[in-house]
Structures are given as structure tokens and as C-alpha cells.
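# Architecture and fold: a report
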Amino acid sequence: METPDDRSDALDAAFASHPRDWRANRYVYPVLSRRSGGLSIGVNLNPDKACNFDCIYCQVDRTIPPIVRTVDVEILRRELDDMLALALSGRLFDEPPFRDTPAAYRRINDIAFSGDGEPTASPQFLPSVRAAIACKAARGADAVRLVLITDAAYLTRPAVREALALMDTANGEIWAKLDAGTEAYFQQVNRPNVPLRRILDNITDAARIRPVVIQSLWMRVRDEPPPAPEVEAFADRLNEIRAGGGQIALVQLYTIARQTAEPYVRPLSHVELDRVAEHVRRTAADIPLRCFYGAE
Ligand code: SF4
């Protein structure tokens with residue numbers, strides 16, 4: 001019997017391949033995700049590839065010009081409905097690169113607002129959440145999660161709050177990026193448009209209402225692994241979020257899997273990522289934590 005631990009070369013290739021284009025679709029694409037333990041249906045709300053962060057490890061290829069720059073919610077809804085039908089019927093797994101997917105992964109885990117920038121920066125985020133909830137309901141796919149992958153800079157905007165409240169009624173989850181514990185390192189790795197304090201306040205605010213998953217990417221920068229004081233500061237920030245009333249469902253530690261924006265950025269080895277995890281566990285002992293190695 002196949003399990004999620006079965007690793008074939010073809011499967012590894014499918015995990016490593018996260019193209020955001022699928023056939024003639026503009027916004028919706030399927031991804032096989034080790035982290036999700038199944039299929040994640042991505043929704044790209046930033047086809048113009050613009051982002052409010054400029055992470056040194058960003059894996060969005062901005063050398064290829066965008067095909068469309070705006071989001072048409074009606075087209076997005078049709079693409080999502082077609083993709084749900086394709087995946088729910090199993091026909092998606094007859095097509096490359098999904099043919100070699102083991103049985104344990106032949107499930108739809110989530111619809112994820114992710115893509116080539118910050119989803120909540122899009123004025124179409126709220127209507128797109130409404131459309132995704134309607135598609136799930138129409139296909140009887142209540143168990144499919146609705147995931148927002150976010151840099152957390154805009155979580156307190158009124159329209160975003162409204163969208164998050166809707167997601168709460170539809171098996172929603174927030175996966176918030178937090179890659180640093182100090183302002184200096186935050187500026188170095190994320191090159192953001194807001195200070196770290198804003199990100200921490202926004203995550204705490206959202207996490208008071210529902211548990212939030214923290215996604216944290218660690219890497220070698222100019223051949224140096226993450227400084228131990230930075231990892232400890234990161235763990236301190238996690239403790240502060242909890243002390244402020246925020247609930248943390250899980251901290252996901254991971255590293256780079258694909259080509260990065262800056263050439264001086266490299267993935268951590270398994271041992272180095274485990275060392276980051278040990279540091280975090282030492283300071284934030286009772287926060288659930290999981291490491292993901294290599295391709296997702
Ligand atoms: S937030 Fe995401 S899309 Fe934006 S620069 Fe960072 S990694 Fe790239």
C-alpha cells in the first residue's frame with residue numbers, strides 16, 4: 001500500500017514542480033503538496049506579479065512578463081469550479097505530472113490563495129473568497145480547506161477582516177509568513193513595505209479570533225546559516241504573540257526548494273533546519289512545530 005512517505009523520482013518531480021500556469025487558466029492551478037499531504041488548488045490573485053515584500057528568497061519568476069494583470073472574478077470562479085470537478089472526479093490524476101501520485105495523496109486538501117504576490121493586496125480578495133466558498137458548496141466539497149497564504153501586512157484592513165470572517169465559516173485557515181525575530185533581519189530577508197511591529201500586531205490580532213499557522217523560511221545568506229540570536233528572537237516573538245492572546249496552531253519551518261530572487265541565498269541542510277527547530281523549541285517549548293525539508 002502506498003503511503004505519503006513513498007518517494008519516486010516522478011513524484012519528487014511533481015512535488016518540486018509548482019508552475020502557476022495550468023492549460024489556458026489565468027488564475028487557478030493545481031499543486032501536489034507534501035506540506036498539505038495532497039492536492040492544493042492554488043488561486044493566484046496577483047497575476048501582475050507585484051508584491052509589497054521583495055524577499056531575497058522569492059521564487060516567483062519575474063523575468064517572464066505577466067499574461068494578464070487584473071483579476072476577473074467571474075473567470076476565476078469558472079476556472080475554480082472546473083478544477084474542483086476535475087480533481088473530485090479523479091480525472092486530474094490521469095494527466096501529467098499527476099499520474100504518479102500515490103493513492104494517499106489523491107485527495108484535495110485545500111484551495112489556497114497564494115500565487116505571485118500578496119493575495120490580500122488585491123481588491124478582488126473578498127469577492128474571490130466569496131466565489132471560492134460558493135464553488136465548494138456547489139460541489140459538496142465542504143471538507144476542502146480554504147487557505148490564505150499571506151505576509152500579514154494587510155490582515156487588519158476592513159475588507160480583509162470581512163473575508164477572513166467568511167473563511168472562518170468555510171473551513172478556513174491563515175498561514176502567515178514570519179521569517180525573522182528582529183527588525184534588522186526582517187529588513188534584510190523580506191525587504192518589506194511595513195515594519196516588523198505591524199506584522200506582529202496583525203498576526204496577533206488575527207490569531208485572537210482563530211488559530212493561525214506560522215510559516216517560517218530559513219536559509220543560508222552569503223553562505224552563513226541563520227544566526228542563533230535571530231532564531232531565539234524569532235521564538236521570543238512567537239511567545240509574544242501567544243502572550244498577546246494569539247493562538248498558534250502550528251509553526252512550519254522550511255527552506256528553499258527552487259530558484260531564488262538573489263543568487264547569494266541557499267537552502268539549509270536537514271541538519272541546519274533541525275538546529276533552527278531545536279533553538280525554537282528551547283525558547284517556545286509548547287508551540288507545535290514541524291519541519292519541511294526541500295521541495296514542498
Ligand atoms: S511575500 Fe511571497 S511573493 Fe512576495 S516577495 Fe516574498 S516570497 Fe515573493
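Just above sits the structure.
Before going into details, it helps to say that this report is about the structure given with it. Keep in mind that what you see is a predicted model, and the values were worked out from it rather than measured.

### Some details on the pattern of salt bridges
Taken as a whole and judged by the stated rule, the model has 14 salt bridges. Residue Glu262 is joined to Arg191 by a salt bridge in which the shortest nitrogen-to-oxygen separation is 2.9 Å. Pair noted here: Glu262 is in the loop between β8 (248-254) and β9 (265-267) and Arg191 is in the loop between α5 (183-190) and α6 (196-209), with a separation of 71 residues, a long-range link. Put simply, Asp54, Arg191 and Glu262 are held in one network by salt bridges that share partners.

### Re the packing of aromatic side chains
By the definition in use, this model includes four aromatic pairs. Residues Phe53 and Phe186 carry aromatic rings whose centres are separated by 5.8 Å and whose planes lie at 75° to one another, so their mutual orientation is edge-to-face. Residue Phe53 is located in the loop between β2 (38-44) and α2 (73-89), and its partner Phe186 is located in helix α5; the two are separated by 133 residues in the primary sequence. The pair Phe53 / Phe186 is uniform in exposure class, with both members buried.

### A closer look at α2
A rise of 1.5 Å per residue sets the reference length of α2, with its 17 residues, at 24 Å; its end C-alpha atoms lie 24 Å apart and thus fit the reference within 8%. Every buried residue belonging to α2 is among Val73, Ile75, Leu76, Glu79, Leu80, Asp81, Met83, Leu84, Ala85, Leu86 and Ala87, and all of these are buried. Contact partners of the buried residues in α2: β1 (28-33), β2, β3 (108-114) and α3 (125-138). The backbone nitrogen of Glu74 has a side-chain oxygen 3.0 Å away, supplied by the residue at the start of α2, namely Asp72. One or two steps after α2, the chain reaches Gly90, where phi turns positive at roughly 85°.

### Focus: the packing of α6 against helix α7 (residues 228-243)
Direction vectors running N to C along α6 and α7 enclose 40°, while the axes themselves pass 9 Å from each other. What the angle tells us is that α6 and α7 run oblique. Handedness of the crossing formed by α6 with α7: right-handed. Taken together, the residues of α7 that come into contact with α6 (itself represented by Arg197, Leu200, Ile203 and Thr204) are Arg237, Glu240 and Ile241.

Rules and cut-offs
Residues numbered from 1 in each chain as written. Predicted model: local features only at pLDDT ≥ 70, side-chain atom pairs only at ≥ 80, totals over all residues. Heavy atoms only, no water. Salt bridge = Lys/Arg side-chain N within 4 Å of Asp/Glu carboxyl O. Helix = DSSP H or I, 4+ residues; strand = E, 2+ residues; numbered from the N terminus. Phe/Tyr/Trp six-rings, centres within 6.5 Å; stacked < 30°, edge-to-face > 60°. Buried < 20%, exposed > 50% of the residue type's maximum accessible area, 1.4 Å probe, protein only. Expected span 1.5 Å × (residues − 1). Contact = heavy atoms within 4.5 Å. Polar contact = N/O pair within 3.5 Å; in protein donor to acceptor, adjacent residues only side chain to side chain. Axes fitted to C-alpha atoms, helices over the stretch in contact; angles between N-to-C directions. Parallel < 35°, antiparallel > 145°, perpendicular 65-115°, else oblique. Left-handed = near helix turned anticlockwise from the far one by under 90°.

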